[in-house]
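Summary of the model geometry
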Amino acid sequence: MQQKLRIAIQKSGRLYEESVKLLKDCGVDVKNGINKLKTEAENFPLEIYFLRDDDIPQYVEDAVADIGIVGENVVYEKNKKVQIVEELGFGKCRLSVAVGRKEEYSGIAYLQGKRIATTYPVLVKKFLDEKGVQAEIHEISGSVEIAPGIGLADAIVDLVSSGSTLFMNGLKEVEPVLKSQAVLIRNEQLDAGKLKILDRLLFRIRAVKKAKNNKYVLLNAPNDKLQDIIALLPGMKSPTVLPLAEEGWSSVHSVLSENQFWDIIEQLKEAGAQGILVIPIEKMII
Ligand code: PRT
Ligand code: ZN
């Protein structure tokens, strides 16, 4: 029988859809996991387990699953023996200290002797120890943001993404504890066969990630401006330049990364580029 790699992903919740999408973008056909514990991909040697995110590090440490997709916040809180192999670029958030909006927060010393409610006691303790602050940590299992309002705590440490939950509960974010995103983790002792499958999957994940961060750009350039325009373009090797049917014009094709995209487009227009088309890239293999 062909060897399979077992991956654990969240059964439902914030990471579920993006985890499934990532596998699908990698060409792995995942059947819907709702109400299912596991499924097998037909076109790739992968078995997919659907679990609560909190359990994933333990399952990967115990080799019940070989790899898993989970938030860094959970990996560090659970502190299991697993290796992070790749940042996945979704599920981005931060673990932060928040206090009542009207409080005068003077700095970390504010927390001295205070009661802090959180679902992340390990990370909070580590953070306070590093800062040399003593405070009471109250571990609660959910709805942390209501703790100050009902007199259960003076401050909270919770995950924040847009900040609207804090705002709606009369709180303000005052101190970052950890930045987090979804990561791929692996068991520390995979055999050679499984490592080979992991390498194949990682190769695909990296191609998908790279493509997401890049755009394919096509533009028309008058030949007398061509050198200036080419100088602005990075491209994978160098841009492709093709003559247009119209005399004196060329078509230029290149790849731009998301974070320099708008700057370069503005400069291209100024340099005389016209008819600029921007196209998403599905996979990018370098
Ligand atoms: O059922 P299961 O145990 O699997 O799921 P869960 O309910 O424990 O986790 P889930 O689905 O809420 O989150 C899974 C992972 O998503 C987290 O571990 C993080 O890595 C990541 N993530 C990213 C977030 C957020 N953003 C986030 N905003 N997880 C939770 N939140 C919550 C936060 O706790 C707060 O209640 O959203 C609220 C704040 O959001 P904003 O946008 O109002 O700031
Ligand atoms: Zn959870």
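Residues numbered from 1 in each chain as written. Chains lettered and ligands numbered in written order. Predicted model: local features only at pLDDT ≥ 70, side-chain atom pairs only at ≥ 80, totals over all residues. Heavy atoms only, no water.

With that settled, the discussion passes to the coordination of the zinc ion (ligand 2). Surrounding the zinc ion (ligand 2) are the protein donor atoms Asp-53 (OD) and Asp-54 (OD), at 2.0 to 2.1 Å. In this structure Asp-54 comes out as partly exposed when scored by relative accessible area, which is 27%. (Donors = N, O, S within 2.8 Å, 3.2 Å for Na, K, Ca; no water. Buried < 20%, exposed > 50% of the residue type's maximum accessible area, 1.4 Å probe, protein only.)

Glancing now at the site of ligand 1. With respect to spatial proximity, 22 residues lie near ligand 1, and among them Asp-54, Asn-73, Ser-162, Gly-163 and Thr-165 are the closest. Residue Thr-165 places a side-chain N or O atom 2.5 Å away from an oxygen atom belonging to ligand 1. Considered on its own, ligand 1 offers 840 Å² of accessible surface; in the complex 78% of this is hidden by protein. Listed by contribution, the elements that provide at least two residues to the shell around ligand 1 are α3 (72–78), β9 (155–160) and α5 (164–168). Looking at the shell around ligand 1 element by element, the count peaks at 3 residues for β9. (Near = heavy atom within 4 Å. Polar contact = N/O pair within 3.5 Å; in protein donor to acceptor, adjacent residues only side chain to side chain. Areas by Shrake-Rupley, 256 points an atom, 1.4 Å probe, with all protein chains shown as cover. Helix = DSSP H or I, 4+ residues; strand = E, 2+ residues; numbered from the N terminus.)

Right, let's talk about the pattern of salt bridges for a bit. Where side chains of opposite charge bring their charged atoms close, a pairing between them can arise. Considering all chains together, one arrives at 14 salt bridges under this definition. Salt-bridge contacts for Lys-4 lead to Glu-40; the nearest nitrogen and oxygen are separated by 3.4 Å. In this pair, Lys-4 sits in the segment before β1 (5–10) while Glu-40 sits in strand β2 (residues 38–40), placing the two residues 36 residues apart along the sequence. The partner of Arg-94 in a salt bridge is Glu-173, and the shortest N-O contact between them spans 2.7 Å. (Salt bridge = Lys/Arg side-chain N within 4 Å of Asp/Glu carboxyl O.)

Glancing now at the packing of aromatic side chains. For the structure on display, the rule yields 3 aromatic pairs. For the ring pair Tyr-16 and Phe-50, a centre distance of 6.4 Å and an interplane angle of 55 degrees mean the geometry is tilted. Placement of the pair is Tyr-16 in helix α1 (residues 16–25) and Phe-50 in strand β3 (residues 46–51), with a sequence separation of 34 residues. This pair shows no difference in class: Tyr-16 is buried, exactly as Phe-50 is. Judged by centre distance (5.0 Å) and plane angle (80 degrees), the ring pair of Phe-261 and Trp-262 falls under edge-to-face. Look at Trp-262 and you get exposed, because its relative accessible area is 60%. Here the basic side chain of Lys-114 rests over the ring of Tyr-110, its NZ or CZ set 4.2 Å away from the ring centre. (Phe/Tyr/Trp six-rings, centres within 6.5 Å; stacked < 30°, edge-to-face > 60°. Lys NZ or Arg CZ within 6 Å of the ring centre and 35° of its normal.)

This part covers a nonpolar patch on the surface. Together, Ile-146, Ile-150 and Leu-152 give the surface a local cluster of nonpolar side chains, amounting to about 270 Å² of exposed area. Residue placement: Ile-150 occurs in the loop between β8 (136–139) and β9. (Patch = residues over 30% accessible without salt bridge, like charges linked within 9 Å, V, L, I, M, F, W, Y side chains within 5 Å.)

On to α1. All of the buried residues in α1 are Tyr-16, Ser-19, Val-20, Leu-22 and Leu-23. Projected down its long axis, α1 carries its buried residues within an arc of 155 degrees, all on one side. Tucked inside the fold, the buried residues of α1 contact β1, β3, β4 (67–71) and α6 (192–212). The first or second residue beyond α1 is Gly-27, which carries a positive phi of 80 degrees. (Arc of directions from axis to C-beta. Contact = heavy atoms within 4.5 Å.)

A few words on the side chain of Arg-6. Checked against the element boundaries, Arg-6 lands in strand β1. The class of Arg-6 is buried, set by a relative accessible area of 18%. A polar side-chain atom of Arg-6 sits 2.9 Å from the main-chain carbonyl oxygen of Ala-63. Within the structure, the side chain of Arg-6 is placed 3.1 Å from the backbone oxygen of Val-64, a separation counted as a polar contact.

Time to look at the domain arrangement of the protein. Taken domain by domain, the protein consists of domain 1 (5–89 + 182–211), domain 2 (93–180) and domain 3 (214–280). Between domain 1 and domain 2, the contact holds 6 residues from the first and 10 residues from the second. Of the roughly 670 Å² buried between domain 1 and domain 2 on both sides combined, carbon and sulfur atoms contribute 52%. Considering only the side of domain 1, the residues that lose the most area to domain 2 are Asn-73, Tyr-76 and Glu-77, jointly responsible for 77% of the buried surface there. The tally of links between domain 1 and domain 2 comes to 0 salt bridges. Linking domain 1 with domain 2 are 5 residue pairs in polar contact (both at pLDDT 80 or more), by the criterion used here. Tallied by class, the residues present in the side of domain 1 that touches domain 2 amount to 1 nonpolar, 2 polar and 3 charged. (Domains from an automatic or database assignment. Buried area = accessible area lost by both parts, 1.4 Å probe. Nonpolar A, V, L, I, M, F, W, Y, C, P; charged D, E, K, R; others polar.)

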